[in-house]
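A structural walkthrough
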Amino acid sequence: MSLTARQLALATLDRQLLLERRPLDVAEAVRRVCALQAQEPASPYLALWNRVRDFAPEDLDAAFADGRIVKASLMRITLHAVHAEDYEPFRAAMLATLRASRLHDRRFAATGLAPEDADALLPDLAVYLRRPRTGAEVEQEVTARHGEHAHRMWWALRTYAPIHHAPTGGSWAFGHRNAYRASPAAPAATGTDADAGVRHLLLAYLRAFGPASAQDFARFTLLTRSVIARAVRQLGDRVVQVAGSPRAPVLDVAGSGVPADDTPAPPRLLPMWDSTLLAHAVPGRLMPPEYRPFTVRRNGDVLPCLLVDGRVAGVWRAVGAGVELTAFHRLGRAAWRGLTEEAERLCGVLAARDHSVYRRYGHWWEKGLPHAEQRIVGS
């Protein structure tokens, strides 16, 4: 079966709930899309606003507060919001990568401590974090054991230990000063073995971003090709090749479908670091290669993007009481009408929460972006 680039892009949009907003509970929506990038507190809210019909931010507040959705370091060693039932298998899949990223880093190695020293703290840390604690409080607790090396010890543990980020209040449930609490499964958060975790994560990824290649999955997770190849073999006929060559197969969950080429894709205003732009090998399915240098900055920042007909067409930002839309090429009247309607709805969400969202990233606009057309909506 041969799939066009358009069909692959539409498949991603469909599975990411971006072809049509769906009437879903927020926890179920997060499960459907695998994971939401969450390093910026507002991003999970704006991601779900793009995907869930009649989305109410208060519903996500409640899901974070009662633990149905959790925020933790997972894929790509980055903060993600995931369904609580997915957290343990996802962490099992990523644990070796998370540990290596910190315990093999020169910043930890320079302390003279061994990985076993960090691991030895896990049981006591699980007890200490039965209730939420600030990062400063945890570092003080770790200092009692390792003195001057406490900040490096905690730097490693907060990435790979079985802990979640705890809501701290504010507009988007989390502020930029983090708090932490133990996973309910801690300290015995190793019930899922690594191979089973990778299989679980691969199936969740394909349901949310497939059809996709092993290289795509490696990009999304940072898992090695040998680990991925083993998971594919172990899954047997649950995963099938749907396109590509034998040397570079494109995989999918058996029985999954792909939209037709002529399926329309509505306009969307994606948040920073939306997972649809990070889930496939560079440049990705929705990103014209010529626009990537403007939307994905050298330090890794991925700007809030405009989608027009399923492709990145520009960026947006909050300005004053409105939303500024910058198109990298000239758009037709229908495209502007759709983007304007989306921007007006977004203004309502921001007004109720925080209209200064992403303001600290405004320097990227000041450094210059192509702007064939620009409009401010709702000011």
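In what follows, the structure referred to is the one given above.
Residues numbered from 1 in each chain as written. Predicted model: local features only at pLDDT ≥ 70, side-chain atom pairs only at ≥ 80, totals over all residues. Heavy atoms only, no water.

A short note on the overall build of the protein chain
Along the backbone of the protein chain there are 16 helices and 14 strands. Against the globule reference of 21 Å for 379 residues, the protein chain gives a C-alpha radius of gyration of 21 Å, in line with a compact fold. Summarising its shape, the C-alpha atoms of the protein chain cover approximately 65 × 50 × 35 Å along the three principal directions. Counting across all 379 residues of the protein chain, residues that qualify as buried make up 55%. Considering only residue pairs separated by 6 or more positions, the protein chain has 69% of its internal contacts joining residues 24 or more positions apart. (Helix = DSSP H or I, 4+ residues; strand = E, 2+ residues; numbered from the N terminus. Rg over C-alpha atoms; globule rule 2.2 N^0.38 Å. Buried < 20%, exposed > 50% of the residue type's maximum accessible area, 1.4 Å probe, protein only. Contact = heavy atoms within 4.5 Å.)

Here we look at the sheet that holds strand β11 (residues 305–308)
Read across the sheet, five strands follow the order β10-β11-β12-β13-β14 without closing on themselves; strand pairing throughout is antiparallel. Edge strands, defined here as strands with exactly one partner in the open sheet, are β10 (268–269) and β14 (373–377). Across two bridges, the pairing between β10 and β11 is antiparallel. In the sheet register, Leu 269 faces β11, and the bridge partner there is Leu 306. (Pairing = 2+ DSSP bridges.)

Thoughts on empty space enclosed by the protein
Counted according to the given criterion, the structure contains two cavities of 30 Å³ or more. The computed volume of the largest cavity comes to approximately 40 Å³. Lining of the largest cavity is provided by Leu 36, Gln 37, Ser 43, Ala 47, Arg 51, Pro 271, Trp 273, Asp 274 and Ser 275. Residue classes in the lining of the largest cavity are distributed as four nonpolar, three polar and two charged. Taken as a whole, the second largest cavity encloses approximately 30 Å³ of empty space. Lining the second largest cavity, in full, are Ala 72, Ser 73, Leu 74, Tyr 87, Arg 91, Arg 158, Thr 159, Ala 161 and Ile 163. (1 Å grid on protein atoms, 1.4 Å probe; cavity = no way out; pocket = protein on both sides within 12 Å on 5 of 7 lines; lining within 4 Å. Points joined across faces, edges and corners; volume = space filled by probe spheres on them. Nonpolar A, V, L, I, M, F, W, Y, C, P; charged D, E, K, R; others polar.)

Focus on the state of the cysteines
Per the counting criterion, the structure on display carries zero disulfides. Not part of a disulfide, Cys 347 finds its nearest cysteine sulfur in Cys 305, a span of 18 Å. (Disulfide = S-S within 2.5 Å.)

Describing the packing of aromatic side chains
Per the counting criterion, the structure on display carries twelve aromatic pairs. For the ring pair Tyr 45 and Phe 64, a centre distance of 6.3 Å and an interplane angle of 45° mean the geometry is tilted. Linking Tyr 45 in helix α3 (residues 43–49) with Phe 64 in helix α4 (residues 57–65), this pair joins segments that are 19 residues apart in sequence. Taking the relative accessible area as the measure of exposure, Tyr 45 reaches 1% and is therefore buried. Overall, Phe 64 belongs to the buried group, its relative accessible area being 2%. Ring plane angle 40° and centroid distance 5.2 Å describe the contact between Tyr 205 and Phe 220, whose orientation is recorded as tilted. Of this pair, Tyr 205 sits in helix α11 (residues 194–209) while Phe 220 is found in helix α12 (residues 214–221), placing the two residues 15 residues apart along the sequence. You can call Tyr 205 buried: its relative accessible area is 0%. Judged by relative accessible area, which is 0%, Phe 220 ranks as buried. Ring pairing ties together the aromatic residues Tyr 45, Phe 64, Trp 172 and Phe 174, which thus form one cluster. Over the aromatic face of Tyr 160 sits the side chain of Arg 99, whose NZ or CZ is 5.2 Å from the ring centroid. Sitting above the plane of the Tyr 128 ring, Arg 133 keeps its charged end 3.9 Å from the centroid. (Phe/Tyr/Trp six-rings, centres within 6.5 Å; stacked < 30°, edge-to-face > 60°. Lys NZ or Arg CZ within 6 Å of the ring centre and 35° of its normal.)

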